[in-house]
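Chains, contacts and geometry: an overview
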There are 4 protein chains.
Amino acid sequence: MWKEEDNKLKRSFQFKNFVEAFAFMTKVALEAEKMNHHPNWYNVYNRVDIELNTHDAGNTVTDRDRKLAEKIDKLYQG
Amino acid sequence: MWKEEDNKLKRSFQFKNFVEAFAFMTKVALEAEKMNHHPNWYNVYNRVDIELNTHDAGNTVTDRDRKLAEKIDKLYQG
Amino acid sequence: MWKEEDNKLKRSFQFKNFVEAFAFMTKVALEAEKMNHHPNWYNVYNRVDIELNTHDAGNTVTDRDRKLAEKIDKLYQG
Amino acid sequence: MWKEEDNKLKRSFQFKNFVEAFAFMTKVALEAEKMNHHPNWYNVYNRVDIELNTHDAGNTVTDRDRKLAEKIDKLYQG
């Protein structure tokens, strides 16, 4: 689940391989661009670590982050 | 399921929306590039129609197509 | 350039290989999802054929298609 | 350019927006999966930071990393 830490919403996702991880990133990219709110994210192989906060709000966690987090969870469930 | 018709392996895939359809296409793209064997494919919104044959074998269906079809089925099942 | 034919805006794009073609498709996918207006498109290897019309307007060409076509041209120029 | 530091090859790439950055990531993903050698990478908006090393060689920089770095540079140039 997401945890709030250091003014960021953070969650780590695990997949069976790189192909599944990158397909998930593609879904998140499509939603993030639509919301015009982009993640800070890190990937290595089958792992995707996402951190969300709002640059325009002094890098704090806002409702835009909570909304994107919720959306990402739905994409993860498929 | 795949059907063989007009010297092509054909299958149509349906998703709940464009985001899911394009994430599936991304998975197929990653596998196709790895096999150096690329689909003829058509997408509109939540539908992806794939046709496979082998250019280097006079546009007939070969084992390379059957192997890619099998791989695509696994990607679809997730 | 785009041509209007059979109530569709049509244009074909050529790339140096599949990787470049699919990266272009990813850009178009991101913009199309943002506009909530999706292309009818076909890809084989380094070629991407796009057809645009508006389902909600009886499958005719509307300003939404012209706007997406313009956007796609910009993505193609990079 | 790439620099070698802490047993990693590192380079940062900048794009005009998220769409261009993610299209670049898609190209890199296609090549990385084909080489079965995946980057450690971080993205935020228009920036992509890549770090390469080889897990199977005790997380040191090997020829596989240098080859992928070279490939990534070519993809960046387009």
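In this text, all values refer to a predicted model and were calculated from it rather than measured experimentally.

1. Remarks on the overall build of chain A
Secondary structure assignment for chain A yields 2 helices and 4 strands. In chain A, the succession of α and β elements from N to C terminus is β-β-α-β-β-α. The C-alpha radius of gyration of chain A comes to 12 Å, within 12% of the 12 Å expected for a compact globule of 78 residues. Each principal axis of the C-alpha distribution contributes one length, and for chain A these read about 35 × 25 × 20 Å. Per-residue burial for chain A yields a buried fraction of 54% across its 78 residues. Considering only contacts in chain A between residues 6 or more positions apart, those separated by 24 or more positions represent 60%. As displayed, chain A has an accessible area near 3800 Å², and 43% of this comes from carbon and sulfur atoms. Taken together, the 13 basic and 13 acidic charged side chains of chain A have centroids lying 4 Å from each other.

2. Section: the relation of the copies chain D and chain A
Least-squares fitting of chain D to chain A yields an RMSD of 0.0 Å, with the superposition described by an axial translation of 0.0 Å and a rotation of 180°. Here the transformation between the copies is reduced to the relation of a two-fold axis. For chain D, the smallest separation between a C-alpha atom and the rotation axis is recorded for Y42(D), amounting to 2.1 Å. Most of the interface of chain D is mirrored in chain A, where 100% of its interface residues are also at the interface.

3. Re the packing of aromatic side chains
Residue and element names in this part refer to chain B. Here the structure, examined in full by the defined rule, presents 34 aromatic pairs over all chains. Between F15 and F24, the ring centres sit 4.9 Å apart and the planes meet at 35°, which makes this aromatic pair tilted. Judged by its relative accessible area of 3%, F24 is buried.

4. Comments concerning the interface of chain B and chain D
Taken together, the contacts link 4 residues of chain B with 4 residues of chain D. Summing both partners gives a buried area of about 490 Å² for chain B against chain D, and 67% of it is carried by carbon and sulfur. Ranking the residues of chain B by area buried against chain D places L30(B), E33(B) and K34(B) at the top, with a combined share of 89%. On the surface where chain B and chain D come into contact, there are 2 salt bridges. Between E33(D) and K34(B) there is a salt bridge, with the nearest N and O atoms lying 2.4 Å from each other.

5. So, the pattern of salt bridges
Oppositely charged side chains may form a pair once their charged atoms are brought near each other. Applying the stated rule across the entire model yields 45 salt bridges over all chains. Notably, a salt bridge pairs K10(A) with E5(A), separated by 3.0 Å at the nearest N-O pair. Overall, the relative accessible area of 33% leaves E5(A) in the partly exposed class. For E5(D), the salt bridge identified is with K3(D), shortest N-O distance 3.8 Å. Judged by its relative accessible area of 45%, K3(D) falls in the partly exposed class. Here the residues in one salt-bridge network are K3(C), E5(C), D6(C), K8(C), K10(C) and E51(C), joined through shared partners.

6. Observations concerning the packing of helix α1 (residues 18–35) of chain B against helix α1 (residues 18–35) of chain D
Packing of α1(B) against α1(D) leaves a shortest axis separation of 9 Å and a crossing angle of 50°. Judged by the angle between their axes, α1(B) and α1(D) are oblique. Crossing of α1(B) over α1(D) shows right-handed handedness. Listed contacts from α1(D) to A29(B), L30(B), E33(B) and K34(B) of α1(B) are A29(D), L30(D), E33(D) and K34(D).

7. Some details on the sheet that holds strand β1 (residues 3–5) of chain A
Taken together, the 8 strands give an open sheet; going across it, the order is β1(A)-β2(A)-β4(A)-β3(A)-β3(D)-β4(D)-β2(D)-β1(D), and neighbouring strands pair in antiparallel fashion. The open sheet is flanked by β1 of chain A together with β1 (3–5) of chain D, the only strands paired with a single partner. Between one strand axis and the next, the sheet turns through 20° on average, direction left out of account. Seen against the sheet, helix α1 (residues 18–35) of chain A touches β2 (8–14), β3 (40–44) and β4 (47–52) of chain A together with β3 (40–44) of chain D and runs at an angle of roughly 165° to β3(A). Contacts from helix α2 (residues 63–77) of chain A reach β1, β2 and β4 of chain A within the one sheet, and its direction differs from that of β2(A) by about 10°.

Rules behind the numbers
- Here the residue numbers are simple positions, counted from 1 along each chain's written sequence.
- Lettering of chains starts at A and numbering of ligands starts at 1, both following the order in which they are written.
- Restriction of local features to residues with pLDDT of at least 70 applies here, the model being predicted, together with a cutoff of 80 or more for giving and counting side-chain atom pairs; totals for whole chains, interfaces and linings are based on all residues.
- Hydrogens and waters are ignored; side-chain quantities use all the structure's heavy atoms.
- Secondary structure counts use DSSP, requiring at least four H or I residues in a row for a helix and at least two E residues in a row for a strand, with both numbered from the N terminus.
- To get the radius of gyration, use the C-alpha atoms; to get the globule rule, take the number of residues to the power 0.38 and multiply by 2.2 Å.
- Relative accessibility thresholds used throughout: buried, under 20% of the residue-type maximum; exposed, over 50%; partly exposed, between the two (1.4 Å probe, protein chains only).
- By definition in these notes, contact holds between two residues if any of their heavy atoms fall within 4.5 Å.
- For every accessible area listed, the method is Shrake-Rupley and the probe measures 1.4 Å; residues are considered covered only by the protein chains on display.
- Under this rule, positive means Lys or Arg and negative means Asp or Glu; His and the chain ends count for nothing.
- Charged side chains are reduced to one point each, which is NZ for Lys, CZ for Arg, CG for Asp and CD for Glu.
- Least squares is the method for superposing the copies, and the C-alpha atoms it fits come from residues with pLDDT of at least 70 in both.
- For this analysis, a ring pair means two rings from Phe, Tyr or Trp (six-membered ring only for Trp) whose centres lie within 6.5 Å, classed as stacked if their planes differ by under 30 degrees, edge-to-face if by over 60, and tilted for the remaining angles.
- Note: buried area is the sum, over both parts, of the accessible area (probe 1.4 Å) each one loses when the two are combined.
- Any Lys or Arg side-chain nitrogen found within 4 Å of a carboxyl oxygen on Asp or Glu counts as a salt bridge.
- Axis angles are defined between N-to-C directions and span 0 to 180 degrees, where every axis is a line fitted to C-alpha atoms and, for a helix, only to the segment in contact.
- For this classification, under 35 degrees means roughly parallel, over 145 means roughly antiparallel, 65 to 115 means roughly perpendicular, and everything else is oblique.
- Helix crossings fall into two classes, left-handed where the near helix is turned counterclockwise from the far one by less than a right angle and right-handed where it is turned clockwise.
- When DSSP finds two or more bridges between a pair of strands, those strands are recorded as paired.

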